[in-house]
Amino acid sequence: MAGRRQTASRVLPRPSGRGDAFEQWPADVEFGVLRELMGYALRRAQIAIYEDFFATVEDLDITPPMFSSMVLIRNNPGLRQSSLGRIVGIARSGTMTLVDRLERAGLVQRLSVPGDRRVNELALTDHGNTVLDELIRRIRAHDDRVSAGLTDDEKVTLRALLARF
């Protein structure tokens, strides 16, 4: 049938409290034009990847934006809160909510900038650095799992293609 994928669909278990398992391309569903749309294919892949991400870090209560932000804060000393939002592509209010959550969890601290009380630089706490080390270990294993069907060359190619969007 047109629009139906011929390969087996992946069914991923969902972390507790997140509903039924996600099946990426159920064989009994006719997707029609959706199969031809790049954005839809990327979104379905993202859901599958997120399911594994959340299962990987469920006990740490970390989201992908929290993980990304922690990596960026560690690797960019003196990163300002406003710059973090621009880099991760979220609005100022979303950035504040994200940083508030990281701060409440004891992972990040806001540091005043001398001479400008309106600006905060961000830094990981000692606890944040310890948690991030564990997250990186787990997320590397997660990345290996979700990309296991690709060769090393295909992974390089996929990252290059995605960067073109």
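Refer to the preceding data block for the structure.
Residues numbered from 1 in each chain as written. Predicted model: local features only at pLDDT ≥ 70, side-chain atom pairs only at ≥ 80, totals over all residues. Heavy atoms only, no water.

Caption draft 1: Main features of the pairing of strand β4 (residues 116–124). Where strand β3 (residues 108–113) meets β4, six bridges bridge the pair, whose relative direction is antiparallel. Bridged to Val113 within β4 is Asp116. In textbook terms, the turn of a hairpin is the stretch between consecutive antiparallel strands, and for β3 and β4 this stretch comprises two residues, one of which, Gly115, has a positive phi near 90°. (Pairing = 2+ DSSP bridges. Helix = DSSP H or I, 4+ residues; strand = E, 2+ residues; numbered from the N terminus.)

Caption draft 2: Up close: helix α3 (residues 81–88). Gln81, Leu84 and Gly85 are the residues of α3 that are buried. Each buried residue of α3 sits inside an arc of 100° when the element is viewed along its axis, so together they form one side. Of the exposed residues in α3, the ones pointing more than 90 degrees away from its buried face are Ser82 and Arg86. Where the residues of α3 are buried, they touch α2 (64–75), α4 (92–104), β3 and β4. (Buried < 20%, exposed > 50% of the residue type's maximum accessible area, 1.4 Å probe, protein only. Arc of directions from axis to C-beta. Contact = heavy atoms within 4.5 Å.)

Caption draft 3: Geometry of the layout of surface pockets. Its boundaries defined by the atoms lining it, the second largest pocket holds a volume of some 260 Å³. Around the second largest pocket, the lining residues are Arg80, Gln81, Ser82, Arg92, Thr95, Met96, Arg110, Arg118, Val119 and Asn120. When residues of the lining of the second largest pocket are traced back to their parent elements, those giving at least two are α3, α4 and β4. A per-class count over the lining of the second largest pocket returns two nonpolar, four polar and four charged. (1 Å grid on protein atoms, 1.4 Å probe; cavity = no way out; pocket = protein on both sides within 12 Å on 5 of 7 lines; lining within 4 Å. Points joined across faces, edges and corners; volume = space filled by probe spheres on them. Nonpolar A, V, L, I, M, F, W, Y, C, P; charged D, E, K, R; others polar.)

Caption draft 4: Structural detail: the packing of aromatic side chains. By the definition in use, this model includes six aromatic pairs. With 6.0 Å between their ring centres and 65° between their planes, Trp25 and Tyr40 make a pair best called edge-to-face. Here Trp25 is found in the loop between β2 (22–23) and α1 (38–57), whereas its partner Tyr40 is found in helix α1, with 15 residues between them in sequence. Since its relative accessible area comes to 9%, Trp25 is described here as buried. Between the aromatic rings of Phe53 and Phe54, the centroid separation amounts to 5.7 Å while the plane-to-plane angle is 85°, which identifies the pairing as edge-to-face. (Phe/Tyr/Trp six-rings, centres within 6.5 Å; stacked < 30°, edge-to-face > 60°.)

Caption draft 5: Examining the side chain of Gln81 more closely. Mapped onto the elements, Gln81 comes out in helix α3. Once you skip the residues sitting within four places of it in the chain, Gln81 turns out to touch Thr95, Met96, Val99, Arg110, Asn120 and Leu122.

Caption draft 6: Inspection of the packing of α2 against α3 at higher detail. At a minimum axis separation of 11 Å, α2 and α3 run at an interaxial angle of 125°. With respect to each other, α2 and α3 are oriented oblique. As α2 packs across α3, the resulting crossing turns out to be right-handed. Residues Ser69, Leu72 and Ile73 of α2 form the contact with α3, whose own contacting residues are Leu84, Ile87 and Val88. Within the contact of α2 with α3, the residues separate by chemical class into five nonpolar, one polar and no charged. (Axes fitted to C-alpha atoms, helices over the stretch in contact; angles between N-to-C directions. Parallel < 35°, antiparallel > 145°, perpendicular 65-115°, else oblique. Left-handed = near helix turned anticlockwise from the far one by under 90°.)

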